[in-house]
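One letter stands for each residue in the lines below.
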Amino acid sequence: MSDYRNSAFIDFIAFNEKLEQCDHLQEPYYQLGFICSVQALPEQVGLEQWLSYLCLDGADISFDNELQATEYAKKVLMLVSEIQHLYQHAMPLNDLNCNQWLTEQKILSNEATQFSAGFLAAIELFNTQWAAIDEQSNTQNLLQTTILLLSKLAASENIEQQLLDLFEQLPEPVEILQILPQLLSNLAYSAAQNTQSDQ
């Protein structure tokens, strides 16, 4: 794998973290989760259908200058290209560096919760696509597993007891983070195969 491929995730996050003036954008890892989720959809959707969701509610995408806007678009497209490549070959998203999303005290970092929230937001936004997949399919099983595990990672403090009880039965965060890079890729790969078999 080339250096370009290895750095698409890191470049995107690093560039976002430098955009201090752009307070209209969602957190970098929220954006990353959202983009990973959109690329996993059974049918691809155009950039114009989801790019605005990388902004905070009601905000427009705007930058200090044209160069900054062009650079941001370039980073998004490079990231999309890399994710698609990994998904097409069911290869794990190792560059997410999920193993770094736990503190030494085994507490989930902001990166983990933001990524999970972004991924789940895109599933909800494009729910009609996922709903069209046969309930008995492997893709639906993978989707439900993904939603449950990411919901545990994204859980807020104001959570219902029933959901807390369910989360208790799920793997610990450290285990979720170990399987997440491959799980997300398996979901996208399965969704694509599912769509092809329907045609």
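See the structure shown above.
Figured I'd write up the structure that's included with this text. This is a predicted model, so every value here is computed, not measured. (Residues numbered from 1 in each chain as written. Predicted model: local features only at pLDDT ≥ 70, side-chain atom pairs only at ≥ 80, totals over all residues. Heavy atoms only, no water.)

In this structure the tally under the stated criterion is three salt bridges. A salt bridge links aspartate 11 to lysine 75, with the nearest nitrogen and oxygen atoms 3.9 Å apart. Placement of the pair is aspartate 11 in helix 1 (residues 3–18) and lysine 75 in helix 4 (residues 66–88), with a sequence separation of 64 residues. The class for aspartate 11 is partly exposed, based on a relative accessible area of 25%. Measuring nitrogen to oxygen at the nearest pair gives 3.8 Å for the salt bridge that ties glutamate 71 to lysine 74. Remark: lysine 74 and glutamate 71 occur in helix 4; sequence separation between them is three residues, near one turn of the helix. Its relative accessible area of 23% is what places glutamate 71 among the partly exposed residues. Classification of lysine 74 by relative accessible area gives partly exposed; the value is 44%. (Salt bridge = Lys/Arg side-chain N within 4 Å of Asp/Glu carboxyl O. Helix = DSSP H or I, 4+ residues; strand = E, 2+ residues; numbered from the N terminus. Buried < 20%, exposed > 50% of the residue type's maximum accessible area, 1.4 Å probe, protein only.)

On to unusual backbone geometry. A negative phi holds for most residues other than glycine; trans holds for most peptide bonds. Of note, the phi angle at alanine 90 is positive, near 50°, even though the residue is not glycine. With respect to the element layout, alanine 90 can be found in the loop between helix 4 and helix 5 (110–125). Using a relative accessible area of 23% as the deciding quantity, one classes alanine 90 as partly exposed. Although it is not a glycine, asparagine 97 adopts a positive phi angle of roughly 55°. Looking at the element boundaries, asparagine 97 is found in the loop between helix 4 and helix 5. We classify asparagine 97 as partly exposed; its relative accessible area is 27%.

A word on the packing of helix 5 against helix 7 (residues 138–154). Interhelical geometry of helix 5 versus helix 7 gives an angle of 140° and a closest axis separation of 8 Å. Considering their axes alone, helix 5 and helix 7 lie oblique with respect to each other. At the point where helix 5 passes helix 7, the crossing takes the left-handed sense. Mapping the contact onto sequence places Thr113, Ser116, Ala117, Phe119, Leu120 and Ile123 in helix 5 and Leu143, Thr146, Ile147, Leu150, Ser151, Leu153 and Ala154 in helix 7. Partitioning the contact of helix 5 with helix 7 into residue classes produces nine nonpolar, four polar and no charged. (Axes fitted to C-alpha atoms, helices over the stretch in contact; angles between N-to-C directions. Parallel < 35°, antiparallel > 145°, perpendicular 65-115°, else oblique. Left-handed = near helix turned anticlockwise from the far one by under 90°. Contact = heavy atoms within 4.5 Å. Nonpolar A, V, L, I, M, F, W, Y, C, P; charged D, E, K, R; others polar.)

In short, shape yes, function no, at least from these values alone.
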